[in-house]
Amino acid sequence: MKKTLLFATLALTMTALMTACNSNNFKQSENGLLYRFETQNTEGAQPQPGDVLVGELILTMDGDTLFTNAGNPDRIFQVAEAPMFKGDIVEGLQMMHVGDRAAFKIPADSIANFVMESQMPAQYKKGSGQYIVYDITLMDLVTKDELAQEQANFIEEMNQRKENEPATLAKYIADNNITVKPTKSGLYIIVNKKGNGPKVAAGKKVTVNYTGRLLDGTLFDTSREADAKEANKADKGRKYEPMSYTVGAQPMIKGWEEGIMGQTVGSDITLVMPSELAYGGRGAGKDIMPYSPLVFNITIESVE
C-alpha cells in the first residue's frame, strides 16, 4: 500500500469529536518533520517499510478532533517505502517504537497535494500555514511478512469457500425440503403466498418489506424491526420501514432483481441465491463473506 493508511484515514475525518492537542515543544528533524514524543520505549520494535502499526490515533486540526479511535486500538497506518514530501509522517512512523506515544505536525498544504479536495477537513484553507497533528500511541506491529501470510491464508480460505459453495447450497436446499427448480441463473424462487395485485415491472415503483440472511440463519439486513430484535441486531438509530424504489433505476443485486420481477402485490416470496447472483467474490460488510449464498424473504407491499 504505497500511499500508507495516512490518506485512507483522512477519508474518515468528517466523523469529528472535539478535543484539543498541545502544539508546543515540537522538534524538527533534518528532513523537516515536526515531532514530539510523550513517552518512549527504546526497547520496543521499530516499524519497517510495509509494516502496519496497531494502536490509537487522534487526528486534530486547529484544536478540533477530526478522527479518533482512542480506547479502541486498531490498525492505523501502513509504513510506505519512502516519504512522499518533506515533513511526511512516514519518517515519524519509523522513528517510533512499540510502547511509544508521539505527536507529528504535518503541513496541511502538503497533504492536500496528494488527496482529493473533499478529503480535506472543512476548515482547511490553502496557503494558510495550517497543520494536521497526528497523536499516535503505538501498541503493536503487524510485520510485512505477517501481512503477506495473512493475505495468503485469506486467498486460500476464499478459494476453499468458492469450491465448497455448490455443495453448501445443495445441502441447504435438501435440508429445507425446497422442491422448486432453480431458474437458468441458479436462483430458487419460493412463493410462500401468492398475491393478486399489480405485478412488479421495470419502471414501476415497488415497496417491499424484506429480511436477508446467510444460509446459517445469520441476519445481515432487514426492514422489519421484529426480525432485527429477534436476532438481537436491532439498531436504535434506524427507522425500520418498508423500502421503496423504482425497478431498474436503482442497482440491486442480480438475484433480487430477477426474483421480484413479475411478482404481484401481496405476494410473500423467499429467494435463495448463489453468491454469483449476490455479492460474489467481493462479499459485503462484515457479515457477508465472499462466496456467500443468500436467502431473502420479501413481501411485495405495493406497485405503482
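Residues numbered from 1 in each chain as written. Predicted model: local features only at pLDDT ≥ 70, side-chain atom pairs only at ≥ 80, totals over all residues. Heavy atoms only, no water.

Turning to the packing of aromatic side chains, a few remarks are in order. The full count for this structure, using the stated rule, is 7 aromatic pairs. Seen from their ring centres, Phe77 and Tyr134 are 6.0 Å apart, and the 55 degrees between their planes marks the pair as tilted. Of the two residues, Phe77 sits in strand E5 (residues 74–78) while Tyr134 sits in strand E7 (residues 131–142), which places them 57 residues apart along the sequence. In this structure Phe77 comes out as buried when scored by relative accessible area, which is 0%. Ring centres of Phe85 and Phe114 lie 5.7 Å apart, and the angle between their planes is 25 degrees; on these two criteria the pair is classed as stacked. Placement of the pair is Phe85 in the loop between E5 and helix H2 (89–95) and Phe114 in the loop between helix H3 (108–112) and E7, with a sequence separation of 29 residues. Given the relative accessible area of 13%, Phe85 is considered buried. The lysine or arginine in question, Lys105, covers the ring of Phe26, its NZ or CZ lying 5.4 Å from the ring centre. The aromatic ring of Tyr131 is capped on one face by Lys105, whose charged end is 4.6 Å from the ring centroid. (Phe/Tyr/Trp six-rings, centres within 6.5 Å; stacked < 30°, edge-to-face > 60°. Helix = DSSP H or I, 4+ residues; strand = E, 2+ residues; numbered from the N terminus. Buried < 20%, exposed > 50% of the residue type's maximum accessible area, 1.4 Å probe, protein only. Lys NZ or Arg CZ within 6 Å of the ring centre and 35° of its normal.)

Attention now moves to the confidence of the model for the protein chain. Predicted coordinates in regions of low pLDDT should not be interpreted in detail. Per-residue confidence for the protein chain gives a mean pLDDT of 91, with 92% of residues at or over 70. Contacts of residues 1–23 to residues separated by more than four positions or lying in other chains number 62 contacts, the stretch itself having pLDDT below 50. (pLDDT = per-residue confidence, 0-100. Contact = heavy atoms within 4.5 Å.)

Checked against the element boundaries, Ser292 lands in the loop between strand E12 (268–273) and strand E13 (294–303). A polar contact is formed between the side chain of Ser292 and the side chain of Arg161, at a distance of 2.8 Å. Beyond its immediate chain neighbours, meaning those up to four positions away, Ser292 contacts Arg161 and Ser275. (Polar contact = N/O pair within 3.5 Å; in protein donor to acceptor, adjacent residues only side chain to side chain.)

With that out of the way, let us pick up the pattern of salt bridges. Counted according to the given criterion, the structure contains 11 salt bridges. Residue Asp227 is joined to Arg224 by a salt bridge in which the shortest nitrogen-to-oxygen separation is 4.0 Å. Judged by its relative accessible area of 16%, Arg224 falls in the buried class. Through salt bridges with shared partners, one network takes in Lys233, Lys286 and Asp287. (Salt bridge = Lys/Arg side-chain N within 4 Å of Asp/Glu carboxyl O.)

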